[in-house]
Amino acid sequence: MAKFIDSPMVTEVKKITFRLYCHDWDERNGGNVSYRVLPEELEGYEDISEVKRNIPIDFNGKDLAGMYFIVTATGRYFKNIIDFPDRDLGLVRIAEDGKSVGLLWGYGDGASPTSEFPTHLMGHQERLKHDPEQRVIMHCHPTNLIAMTFTQNLDERNFSRILWKMQTESLVVFPEGVGIIPWMVPGTTSIGEETAKKLAKFRAVIWPQHGIFGSGKSIDEVYGLIETIEKAAQIWTVIQMQGGEIKQTITDDDLLNLGKVFGVEPNRNFI
Ligand code: 2HA
Ligand code: ZN
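Keep in mind the model is a prediction, meaning the values are calculated, not measured.

About the criteria used
Residues numbered from 1 in each chain as written. Chains lettered and ligands numbered in written order. Predicted model: local features only at pLDDT ≥ 70, side-chain atom pairs only at ≥ 80, totals over all residues. Heavy atoms only, no water. Phe/Tyr/Trp six-rings, centres within 6.5 Å; stacked < 30°, edge-to-face > 60°. Helix = DSSP H or I, 4+ residues; strand = E, 2+ residues; numbered from the N terminus. Buried < 20%, exposed > 50% of the residue type's maximum accessible area, 1.4 Å probe, protein only. Lys NZ or Arg CZ within 6 Å of the ring centre and 35° of its normal. Salt bridge = Lys/Arg side-chain N within 4 Å of Asp/Glu carboxyl O. UniProt positions renumbered as here; feature names shortened; annotations may be inferred. Near = heavy atom within 4 Å. Polar contact = N/O pair within 3.5 Å; in protein donor to acceptor, adjacent residues only side chain to side chain. Areas by Shrake-Rupley, 256 points an atom, 1.4 Å probe, with all protein chains shown as cover. Nonpolar A, V, L, I, M, F, W, Y, C, P; charged D, E, K, R; others polar.

Moving on, we come to the packing of aromatic side chains. The relative placement of two aromatic rings is captured by the distance of their centres and the angle of their planes. Considering all chains together, one arrives at 7 aromatic pairs under this definition. For the ring pair Phe 69 and Phe 117, a centre distance of 6.3 Å and an interplane angle of 80° mean the geometry is edge-to-face. Placement of Phe 69 in strand 3 (residues 68–72) and of Phe 117 in helix 4 (residues 117–130) is noted, with a sequence separation of 48 residues between them. Here Phe 117 falls in the buried class, since its relative accessible area comes to 1%. An aromatic cluster is built from Phe 4, Tyr 45 and Trp 105, whose rings are joined through pairwise contacts. Lying over the aromatic face of Phe 84, Arg 87 brings its terminal NZ or CZ to 4.2 Å of the ring centre.

This brings us to the pattern of salt bridges. Going through the model one piece at a time under the given rule, you end up with 13 salt bridges. With a closest N to O distance of 2.8 Å, Lys 198 and Glu 156 form a salt bridge. You can see Lys 198 sitting in helix 8 (residues 189–199) and its partner Glu 156 sitting in helix 6 (residues 156–165), a full 42 residues away along the chain. Residue Lys 198 is classed as partly exposed on the basis of its relative accessible area of 24%. Between Glu 176 and Arg 203 there is a salt bridge, with the nearest N and O atoms lying 2.7 Å from each other. Separated by 27 residues along the polypeptide, Glu 176 in the loop between helix 7 (169–173) and strand 7 (179–180) and Arg 203 in the loop between helix 8 and strand 8 (204–207) bring together distant segments of the chain. There is no split in this pair, since Glu 176 and Arg 203 are both buried. If you follow the salt bridges from partner to partner, you end up with Arg 76, Arg 87, Asp 88 and Asp 109 in one network.

Here we take up unusual backbone geometry. Trans is the common state for peptide bonds, and a negative phi is the common state for residues other than glycine. Here the phi dihedral of Tyr 107 falls at roughly 45°; this positive angle occurs in a residue that is not glycine. If you trace the backbone, Tyr 107 turns up in the loop between strand 5 (100–106) and helix 4. Located in the positive-phi region is Gln 209, a residue other than glycine, with phi close to 55°. Within the element layout of this structure, Gln 209 appears in the loop between strand 8 and strand 9 (211–216).

Our focus in this paragraph is the UniProt feature "domain: Class II aldolase/adducin N-terminal" (unreviewed entry) in the chain. According to UniProt, the feature "domain: Class II aldolase/adducin N-terminal" (unreviewed entry) maps to residues 11–237 in the numbering used here. As annotated, residues 11–237 has a helix share of 39% and a strand share of 20%, and its two end C-alpha atoms lie 34 Å apart.

Around ligand 1, the structure places Asn 29, Gly 30, Gly 31, Asn 32, Glu 116, His 139, His 141, Pro 186 and His 210. Residue Gly 31 places a main-chain N or O atom 2.9 Å away from an oxygen atom belonging to ligand 1. The contact in question runs from an oxygen atom of ligand 1 to an N or O atom on the side chain of His 139, over 3.2 Å. The protein chains hide 86% of the 220 Å² of surface that ligand 1 would expose on its own. Its residues assigned to classes, the shell around ligand 1 comprises 1 nonpolar, 7 polar and 1 charged.

Dropping the structure here:
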């Protein structure tokens with residue numbers, strides 16, 4: 001029988017957290033990931049059959065009862081997960097009453113889920129209403145995007161239009177644009193509620209002067225979404241470094257044509 005540490009799911013999370021770290025988007029203990037794992041994907045592993053510990057959660061996760069998540073641990077460094085996955089990751093199942101999680105694997109030295117876990121669960125719950133295939137929430141601290149939240153008006157239309165016009169790929173990858181919440185204290189129920197409200201309309205939500213919350217069907221999809229948004233922010237930054245004068249750009253008509261050809265519906269409140 002196989003060990004869960006060797007599963008494709010743990011391997012994927014190990015690789016992606018290290019790649020996020022290499023991008024400089026997860027300094028120290030910055031960032032967190034939760035990955036909904038399907039029961040059938042858990043078959044055949046010898047070391048995940050019993051609950052090792054119950055961990056209370058600060059959110060009523062009743063609607064998610066019975067679901068399994070691989071979750072990064074609080075206070076741990078993305079830099080290290082690749083070497084210590086069974087210490088810095090955990091596999092948990094949401095308890096029937098929604099008030100705690102059962103730890104099935106990982107958190108080997110007594111760790112617990114990320115301080116943002118309630119926010120992740122609120123996010124999964126909201127996104128599942130719109131997409132039954134929703135499986136991943138990823139939070140990180142992309143440098144250029146955070147910088148833009150100091151210099152740009154934090155209006156969703158304004159911000160999304162800048163990102164769309166920085167590269168042809170943007171509109172194709174996030175045709176709904178990006179949501180933005182006000183600056184808030186992280187790890188709180190309030191930031192979870194505000195983020196979940198935005199996730200009703202957007203798959204990516206910007207936390208000003210902090211980072212981004214991305215959601216989607218797979219690790220690749222969410223990582224790709226965040227990479228594309230951050231790449232647009234990087235191009236914007238480089239334009240400013242080149243003097244900031246724009247001589248030509250992608251027009252609104254170009255965006256509409258792009259949407260037509262690629263079969264995506266641009267957010268019409270933004271064009
Ligand atoms: O997990 O990034 O927002 C550390 C953080 C909190
Ligand atoms: Zn953060």
